[in-house]
Amino acid sequence: MSTTTTRDLARPAPAKASKAKPRRGLRGSSTFNFWLFTGPFLVGLVIFVYVPIGWSIWLSFFEARFTVTPDKFVGFENYRFMLDNNDFVGSLGTFTVFAAFIVPTTWALSLGLALLVNRLRFMRAFFRSVFFLPTACSYVAASLIWKMSIFNGVRFGLANTVIGWFGVDNIAWLANPDPPWYWLVILTARLWLQSGFFMILFLAALQNIPGELYEAAAIDGAKPGWQTFWYITLPQLRATSTAVVLLLLVAAYQAFDEFFNLLSKTTWGRPPLVELYYTALGQNQDYGAGSAGAVMLTLLIVIVTLFQGKLMGFGRGDESK
């Protein structure tokens, strides 16, 4: 009987994998994809941010009353005029004090809320949403609620009702600058509006801290609570804390909505942006002086934020130092 073997039979050569041909032309180019997605945003940034900034700087050196296309060059006259304006200079000083108070207060409240929510074992998502919800509220709407319902100055207002339980007379919270109760109204409104947002930033940073650090600290005899917070948690939050402080500083000097709506047209307690609003859009419509004030306000914000960033070590790569 004959046997047949296939050992020596020629086997067909395996088919070569076809190499994918690279796509040619603009559609296959990463450069094209980059400009396709970022181009519209860059165009909007240039048109709506950089061009107005450059135009404002240009207007600050001209006499621009009732026009944005002036032809009379006045040099630094608008800057001298704004520096001689006691209301504008006073608003810069007042809001430096305001920033010195609201920034650490908001920082501490946001960090405290983040620590509490992070320690929860149940309903964490619920409380995170509850504290974050005020961030979605408009500053204008919140200001009107604070002005017309909570601190409206009459005995039926919420604040006056509460203090009335303790025998305290009604307080005109927003009608009198002496004593300046209006600061309490503004500070509580701002804390309620922005603490939730920064709480989320701190909460994300807390969840990124390795648990091994706390385990090693417990083995070394560190007590849970203040000791671990001061030597482990807080150093690990340095980068987030720096970013939060810088954002709060910029937001403090750019305050506008709550002051404009709470204090209406009063001449006291105006922030710099409200002063610039009345300078540029008031009866005289002095765009040159308003632009000069805006440039000086921007420079002040840059100087304060750079100093604060340097003080807190902004830009360091190692957070443990």
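Novice: Tell me about unusual backbone geometry, residues and numbers included.
Specialist: Looking along the chain, the bond that leaves D178 and enters P179 is cis, with omega of 0°. Along the chain, P179 falls in the loop between α6 (158-164) and α7 (182-207). Even without glycine at this site, F66 takes up a positive phi of about 60°. Relative accessible area serves as the criterion here: at 55%, F66 is assigned to the exposed category. The phi dihedral of Q285 falls on the positive side, at around 50°, and the residue is not glycine.

Novice: Please provide a residue-by-residue account of the confidence of the model for the protein chain, values included.
Specialist: Residues with a pLDDT of 70 or more make up 88% of the protein chain, whose mean pLDDT is 84. Within the protein chain, helix α8 (residues 211-219) has the poorest average pLDDT of any element, 84, and helix α2 (residues 77-83) the best, 94.

Novice: So what about empty space enclosed by the protein? Which residues, and what values?
Specialist: One way to see where empty space is left: roll a probe the size of a water molecule over the atoms. What the rule picks out here adds up to one cavity of 30 Å³ or more. Considered as a void within the structure, the largest cavity measures approximately 30 Å³ in volume. Every residue along the wall of the largest cavity is listed here: F259, F260, L263, S264, T266, G269, R270, P271 and V274. Of the residues in the lining of the largest cavity, the class split is five nonpolar, three polar and one charged.

What counts and how
- Residues numbered from 1 in each chain as written.
- Predicted model: local features only at pLDDT ≥ 70, side-chain atom pairs only at ≥ 80, totals over all residues.
- Heavy atoms only, no water.
- Helix = DSSP H or I, 4+ residues; strand = E, 2+ residues; numbered from the N terminus.
- Buried < 20%, exposed > 50% of the residue type's maximum accessible area, 1.4 Å probe, protein only.
- pLDDT = per-residue confidence, 0-100.
- 1 Å grid on protein atoms, 1.4 Å probe; cavity = no way out; pocket = protein on both sides within 12 Å on 5 of 7 lines; lining within 4 Å.
- Points joined across faces, edges and corners; volume = space filled by probe spheres on them.
- Nonpolar A, V, L, I, M, F, W, Y, C, P; charged D, E, K, R; others polar.

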